[in-house]
Amino acid sequence: MLKVASWNVNSLRVRLEHVLQWLDAEQPDILALQEIKLTDENLPARDIEAAGYTVLSNGQKTYNGVAILSRGPGEVLATGFPGYDDPQRRVLCAAYGDTAVLNLYVPNGSEVGSDKYTYKLQWLERLEAYTRDLLKDYPRCVLVGDFNIAPADEDVHDPEAWHGKVLCSEPERAAFARLLDTGLSDCFRLFPRDEKLYTWWDYRAAGFRRNRGLRIDHILASPALRDVCRDCRIDIEPRRLERPSDHAPILAEFDL
DNA sequence: ATGGTAGTTCAACTA
């Protein structure tokens, strides 16, 4: 069994205890983290190792930064997209045996029509191209992370209020659909749901208390992994903790 | 077209 998880922790320094607690409870093989907001030198490597994990990272001070914690050793394949020079540390691709894990912190986009929104759409084009190449080399492949896209209205607490807004706009959803067109499956949607479930709730206006959320964190699996995906769920418990991240972890299990 | 909160860093930016 391969258990893969993803969590935007919004500062690993602040959330370290939550992460260690969660690793102990869930024991995933892989935990991809986004928005660690730490440089590689400042990672709490000893705490992570004491928990029984090794870490690969593409860190950055103040903003962004991604890392992958794993039970077994991995090998870095990429820390960005080939030919796309980007000072923002949002990508970490690593191989664990014959399985590739692509950890992503997709740009937020700020506001439809803004420079940041243009950057987001361009970034997503690069991601699609890189994903096509990766799938050729690694039939067993997962894309995980904070995609900052709610793929459909069923992923949004109030679709009317969010209609056309950043995270939900048609161009973003089209980019997400093109990513799935490379052959990937949204693991969460492999299983029927009777209620809307979310991975992110705005800190403002009591978003979590009122369950005003969006499903913007995803685990996308290549055909070989999708065929053996036996579960995918969102764990909202860490969002209830004192001083939580604004995101909840998502995890998937594969029969391998 | 603004506010609400949080993290980093210390006035402002990002989300």
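Above this text is the structure in question.
These numbers were taken from a predicted model, which means no experiment stands behind them. (Residues numbered from 1 in each chain as written. Chains lettered and ligands numbered in written order. Predicted model: local features only at pLDDT ≥ 70, side-chain atom pairs only at ≥ 80, totals over all residues. Heavy atoms only, no water.)

### Thoughts on the protein's contact with DNA strand B
Close contacts around DNA strand B come from 16 residues, with S11, R15, T62, Y63 and R204 the closest. Those atoms of DNA strand B that come within 4 Å of the protein belong to sugar or phosphate at a rate of 66%. The separation between a base oxygen of DNA strand B and a polar side-chain atom of Y63 is 3.2 Å. Take R90: an N or O atom from its side chain is 3.3 Å from a phosphate oxygen of DNA strand B. (Near = heavy atom within 4 Å. Polar contact = N/O pair within 3.5 Å; in protein donor to acceptor, adjacent residues only side chain to side chain.)

### Details of the layout of surface pockets
Looking at the largest pocket, its volume works out to about 720 Å³. Lining the largest pocket are 28 residues; nearest its centre among them are Y105, N108, G109, S110 and N148. Listing elements by their share of the lining of the largest pocket, those giving two or more residues are α3 (115-137) and α4 (159-162). Here the lining of the largest pocket is built from residues that sort into eleven nonpolar, eight polar and nine charged. Computed from the structure, the second largest pocket encloses a volume of approximately 150 Å³. For the second largest pocket, the full set of lining residues is E195, K196, L197, Y198, W201, F208, N211, I234 and I236. Split into classes, the residues belonging to the lining of the second largest pocket amount to six nonpolar, one polar and two charged. (1 Å grid on protein atoms, 1.4 Å probe; cavity = no way out; pocket = protein on both sides within 12 Å on 5 of 7 lines; lining within 4 Å. Points joined across faces, edges and corners; volume = space filled by probe spheres on them. Helix = DSSP H or I, 4+ residues; strand = E, 2+ residues; numbered from the N terminus. Nonpolar A, V, L, I, M, F, W, Y, C, P; charged D, E, K, R; others polar.)

### Structural notes on the sheet that holds strand β1 (residues 2-8)
The strand order across the open sheet formed by six strands is β3-β4-β2-β1-β14-β13, and the pairing between neighbours is mixed. The two strands at the open ends of the sheet, each matched to only one other strand, are β3 (54-58) and β13 (229-234). On average, adjacent strands in this sheet sit at an angle of 15 degrees to one another, irrespective of strand direction. Note that strand β2 (residues 30-34) and strand β4 (residues 66-70) share five bridges and pair antiparallel. Counterpart to L31 in the pairing with β4 is L69. Relative to the sheet, helix α1 (residues 12-26) contacts β1, β2, β4, β13 and β14 (250-254), its axis offset from that of β1 by approximately 160 degrees. (Pairing = 2+ DSSP bridges. Axes fitted to C-alpha atoms, helices over the stretch in contact; angles between N-to-C directions. Contact = heavy atoms within 4.5 Å.)

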